[in-house]
Amino acid sequence: MTEFNEDRYFDPDPTIRRYARDVYDETRALPIISPHGHVDAGLLASNDAFPDPAALLVTPDHYILRLLYSRGIPMEALGVAAFDASTPAPETDPRKIWQTFADNWGLFRATPTRAWIEYELREVFGVKYALDSGSAQKAYDDISERLASAEFRPRALLKRFNIEVLATTDAATDSLDSHRALSDAGLGTRVIPTFRPDALFEITSPGWRDEIDRLGKIVGREIKTCRDLVGALAQRRAEFKAAGAVATDHGVTTPRTARLRDGDVDRLFFAAVRRTATHEDQANFTAHMLMEMAAQSLNDGLVMQLHPGALRNHNEMVYRRFGPHRGGDIPLATDFTHNLGPLLNAYGNDERFRLVVFTLDESAYSRELAPLAGHYPAMLLGAPWWFHDSIEGMTRFRQATTETAGIYNTAGFTDDTRAFCSIPARHDLARRIDANYLGGLVARHIIDMSDAREMAHAMAYDLAKRAYRLDSGESNGQS
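Described below are features of the structure shown in this document. This structure is a prediction, so every number in the text was calculated from the model and none was measured. All residue numbers refer to positions counted from 1 along the written sequence of the respective chain. Side-chain atom pairs in this predicted model are given and counted only at pLDDT of 80 or more, local residue features only at pLDDT of at least 70, and totals for whole chains, interfaces and linings cover all residues. Water and hydrogen atoms were dropped before computing side-chain values, which therefore reflect all heavy atoms in the structure.

### Description of the overall build of the chain
To keep it simple, the criterion reads: The helix and strand labels rest on DSSP assignments: H or I over at least four residues marks a helix, E over at least two residues marks a strand, and numbering proceeds from the N terminus. For this measure, only C-alpha atoms enter the radius of gyration; the expected value for a globule follows 2.2 Å times N^0.38, where N is the number of residues. Any residue under 20% of the maximum accessible area for its type is buried, any over 50% is exposed, and the rest in between are partly exposed; the area is computed with a 1.4 Å probe on protein chains only. Contacts: residue pairs with any heavy atoms within 4.5 Å of one another. With residues, only the protein chains shown are counted as cover, and all accessible areas are computed by Shrake-Rupley using a 1.4 Å probe.
In terms of helices and strands, the chain carries 20 helices and 11 strands. Relative to a compact globule of 479 residues, whose C-alpha radius of gyration would be 23 Å, the chain shows 23 Å and is just as compact. Across its three principal directions, the C-alpha atoms of the chain cover 65 × 60 × 45 Å. Out of the 479 residues belonging to the chain, those deemed buried represent 55%. When contacts within the chain are restricted to residue pairs at least 6 apart in sequence, those whose partners lie at least 24 apart make up 77%. By element, 48% of the accessible surface of the chain is carried by carbon and sulfur atoms, the whole surface being about 20200 Å².

Shown next, in the form of structure tokens:
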């Protein structure tokens, strides 16, 4: 990392690289719009100093955990505690955790994790030398020194990162206390919640009944039927919207949608109450509740985000011992055309409704998603997500979708991260990859440089603001 090339990630062809550099210069300093992510609002509300480099950059990062675990490094060595007290105790010395990470830094070569962390080390923390086994402790000390200063508290970094909008993702039962505190803090950044009711749809989960009871206490009435649940969700959505929310988010295994009869929905709800609901019951219940959420979005204007296609906690042993978010989630092949048919036929032609669809199944980009978004006025394509939020993944996304859907049927870039300090790194990488893609189109005389500059600005800034209704103006992509 001694050389941090200004042309990194650009095409080696000198013509494309020259165009890419000029396009990137138009977007590199734009404010960050982060309309979907998982930063904890409490982090900004408390504004406490980050504890140490390992706790900030290593232990909570499932990208790091999954790759190191795949090479035989125990979770405990990375500071992750197991639920089972009989297993080895986790490493508690952050210096040793950091050293383990640095000793294995080479495993991340050519991955987006490497690109993001190199940016964080150099641009955020000023570590301008290569990270390796020998430099690990010096890097630890340099980062620790910076974390101890006021300039590296979360709110100071929020300002330094030039973040205009930061959306968190919050359970439907969240108190929103942190967001209320932030709204009075005068941050200069809109920090807004996102309504995610997934736990209330998972009727086979052991914790579903507790979640329903928690929702009932928040809304001030007992939830005895599905109709009660739908009404309580509408109330909570209104409260989220009053706190600044512009969107909902729904993480599902399959994007199946279906409007069930009242009697069938009640049967599913009561089966859940009796703890006899099956996985098929849950799939049917979720399909119906997605239709209910779409109907409510039509009324309250909240943008509906759909994140399907992840089989959560595929590694059952890791899940049992260490819990979720440890890198054990695996993508699934996903059918959108049939599964979204009921929802899109009911609401997809109404421009008051907006649906942003993400995928972990790249094969669906050109076969299903781009044709759907290129037809239905209400549907937009979400950014490359998770495993595909990468140098080649973002390039493949543009190549597979642009000719059918254009760029104006996409929702801009979303960093979708829990790692607060990686936000500028992720947006910078996306801006570079889009500049390189557009530079290639200019070099091939598909578009000219004025087109490329306007499109790059849209990709980096305008499309996200439009998709999530973050201002009153709505562009149609025409000059």
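Here the narrative resumes.
### Considering the environment of Phe 125
With respect to the element layout, Phe 125 can be found in the loop between α6 (112–124) and α7 (136–147). Sequence separation between Phe 125 and Asn 104 is 21 residues, and the spatial gap between their C-alpha atoms is 20 Å. Leaving out residues up to four positions away in the same chain, Phe 125 has contacts with Leu 56, Leu 57, Glu 120, Ile 143, Arg 146, Leu 147, Phe 152 and Cys 421.

### Quick word on the sheet that holds strand β2 (residues 163–167)
How we decide: Strands were regarded as paired on the criterion that DSSP finds at least two bridges between them. To obtain each axis, a line is fitted to C-alpha atoms, and for helices this fit is confined to the stretch in contact; angles are then taken between N-to-C directions over 0 to 180 degrees.
Read from one edge to the other, the open sheet built from three strands follows the order β1-β2-β4, with strand pairing classed as parallel. Of all strands in the sheet, those bounded by a partner on one side alone are β1 (32–34) and β4 (190–192). With strand direction ignored, the average angle separating the axes of adjacent strands in the sheet is 5°. Sheet topology note: the β2/β4 ladder contains three bridges and is parallel. If you follow Ala 167 over to β4, its bridge partner there is Ile 192.

### Describing the side chain of Asp 52
Defined as follows: Neither His nor the chain ends contribute to the count of charged residues, in which Lys and Arg are positive and Asp and Glu negative. The salt bridge criterion pairs a side-chain nitrogen of Lys or Arg with a carboxyl oxygen of Asp or Glu, the two atoms within 4 Å. Polar contact is the term for a pair of N or O atoms within 3.5 Å; when the atoms are in protein, one must be able to donate a hydrogen and the other to accept it, and sequence-neighboring residues count only if both atoms are side-chain atoms.
Structurally, the position occupied by Asp 52 is in the loop between α2 (41–46) and α3 (53–57). We note that Asp 52 is buried and unpaired, the nearest opposite charge coming from Arg 95 at a distance of 9.5 Å. For Asp 52, the side chain forms a polar contact with the main-chain nitrogen of Ala 54, separated by 2.9 Å.

### Brief notes about unusual backbone geometry
Excluding glycine, residues mostly carry a negative phi; peptide bonds, for their part, are mostly trans. The backbone of Asn 47 sits at a positive phi, close to 60°, despite the residue not being glycine. If you check the backbone angles, Asn 162 has positive phi at about 60° while not being a glycine. Tracing the backbone through its elements, the reader meets Asn 162 in the loop between α8 (154–160) and β2.

### Section: the pairing of strand β6 (residues 247–252)
Burial analysis of β6 places six of its six residues in the buried class, the great majority of the element. Residues Ala 247, Asp 249 and Gly 251 of β6 are buried on one face, and the alternating residues Thr 248, His 250 and Val 252, pointing to the opposite face, are buried as well. Two elements, β6 and strand β7 (residues 303–308), share six bridges in a ladder whose sense is parallel. Pairing of Thr 248 across the sheet is with Met 304, part of β7.

### Considerations on the pattern of salt bridges
Pairing between side chains becomes possible if they bear opposite charge and their charged atoms approach one another. A full pass over the atoms with the stated rule returns 31 salt bridges. Glu 6 is the partner of Arg 28 in a salt bridge, and the nearest nitrogen-oxygen pair spans 3.0 Å. A residue pair is termed long-range when its members are at least 10 positions apart, and Arg 28 in the loop between α1 (14–27) and β1 and Glu 6 in the segment before α1 qualify at 22 residues. Relative accessible area serves as the criterion here: at 37%, Arg 28 is assigned to the partly exposed category. Between Arg 259 and Glu 292 there is a salt bridge whose closest N-O contact spans 3.1 Å. With Arg 259 in the loop between β6 and α13 (262–273) and Glu 292 in helix α14 (residues 279–300), the pair connects residues that are 33 residues apart, well separated along the chain. Residue classification places Glu 292 among the buried positions, given a relative accessible area of 16%. Connected through salt bridges with shared partners, the residues Glu 6, Arg 8, Asp 25, Arg 28, Asp 428 and Arg 432 form a single ionic network.

### A closer look at the packing of aromatic side chains
The following threshold applies: For Phe, Tyr and Trp, where Trp contributes only its six-membered ring, two rings pair if their centres lie within 6.5 Å, and the inter-plane angle classes them as stacked under 30 degrees, edge-to-face over 60, or tilted in between.
Under the counting rule described, the total for this entry stands at 16 aromatic pairs. Residues Phe 125 and Phe 152 carry aromatic rings whose centres are separated by 5.8 Å and whose planes lie at 15° to one another, so their mutual orientation is stacked. Taken as a pair, Phe 125 in the loop between α6 and α7 and Phe 152 in the loop between α7 and α8 lie far apart in primary sequence, 27 residues in all. Like Phe 152, Phe 125 is buried. Between Trp 385 and Trp 386 the ring centres are 5.6 Å apart and the planes differ by 50°, which places this aromatic pair in the tilted class. By relative accessible area, Trp 386 is classed as buried at 11%.

### Regarding a negative patch on the surface
Worth spelling out the cut-off: For patch building, the residue pool is restricted to those with more than 30% relative accessible area and no salt bridge; the joining distance is 9 Å between like charges and 5 Å between nonpolar side chains (Val, Leu, Ile, Met, Phe, Trp, Tyr). Note on charges: their place is set at NZ of Lys, CZ of Arg, CG of Asp or CD of Glu.
Together, Asp 448, Asp 451, Glu 454 and Asp 462 give the surface a local cluster of negative charge. Looking at the secondary structure, you find Asp 451 in helix α20 (residues 449–467).

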